[in-house]
Amino acid sequence: MAEDVSAPGGFVREVGATLAEFERGLRLAVLDGVSAPSPGCLRVASGGVTLDIDLTELPERRLGQFRLPVLAARYRFVAGDAPDRAALLAHLDRAMQRGGG
């Protein structure tokens, strides 16, 4: 199910990453388009679209000795039309995809 890029309150995703890993991936995905207006908040500005992402650390997930960091990422678009928002989100998803299997 695709998220509603026009939802006023945005949408939330759980992400298997640390705050630093998420920010690094975002900055690689959008060169010179990422800022941090406040702690735990990243802003992406690209092609007339502005996206705020609020990050909250959740308890890590464990499977035996394996530990996975988890973030709650609230995505909230504050500028741009729906097609451009969807295109930016698709770009971020492709650029920040990790692993495989």
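This write-up is about the structure you can find in this document. (Residues numbered from 1 in each chain as written. Predicted model: local features only at pLDDT ≥ 70, side-chain atom pairs only at ≥ 80, totals over all residues. Heavy atoms only, no water.)

Concerning the overall build of the protein
Within the protein one finds two helices and five strands. The order of α-helices and β-strands along the protein, N terminus first, is β-α-β-β-β-β-α. Relative to its length of 101 residues, the protein is compact, with a C-alpha radius of gyration of 14 Å against a globular reference of 13 Å. In terms of overall dimensions, the protein has C-alpha extents of about 45 × 30 × 25 Å along its principal axes. Across the 101 residues that make up the protein, the buried fraction comes to 32%. Considering only intrachain contacts with a sequence separation of at least 6, the fraction spanning at least 24 residues in the protein is 54%. Surface accessibility of the protein: about 6300 Å² in total, with carbon and sulfur atoms responsible for 53%. (Helix = DSSP H or I, 4+ residues; strand = E, 2+ residues; numbered from the N terminus. Rg over C-alpha atoms; globule rule 2.2 N^0.38 Å. Buried < 20%, exposed > 50% of the residue type's maximum accessible area, 1.4 Å probe, protein only. Contact = heavy atoms within 4.5 Å. Areas by Shrake-Rupley, 256 points an atom, 1.4 Å probe, with all protein chains shown as cover.)

Examining the environment of L58
Take L58: it is sitting in strand β4 (residues 49–63). Sequence separation of L58 and M96 is 38 residues, and the distance between their C-alpha atoms is 20 Å.

Things to note about the pattern of salt bridges
Summed over all chains, the structure comprises eight salt bridges. The salt bridge partner of R43 is D52, with a shortest N-O separation of 2.6 Å. Residue D52 is classed as buried on the basis of its relative accessible area, which comes to 4%. Here the residues in one salt-bridge network are E3, R13 and D93, joined through shared partners. (Salt bridge = Lys/Arg side-chain N within 4 Å of Asp/Glu carboxyl O.)

Observations regarding the environment of D84
Within the secondary structure, D84 is located in helix α2 (residues 82–95). Given a relative accessible area of 37%, D84 falls into the partly exposed group. Counting along the chain gives 45 residues from D84 to P39, while the straight-line C-alpha distance between them is 27 Å.

Focus: α2
Over its 14 residues, α2 runs 20 Å from end to end, which matches the ideal 20 Å to within 8%, given 1.5 Å per residue. Residues of α2 that are buried make contact with β1 (11–15), α1 (19–29), β3 (41–46), β4 and β5 (66–79). (Expected span 1.5 Å × (residues − 1).)

By themselves, these figures tell us nothing about what the structure is for.
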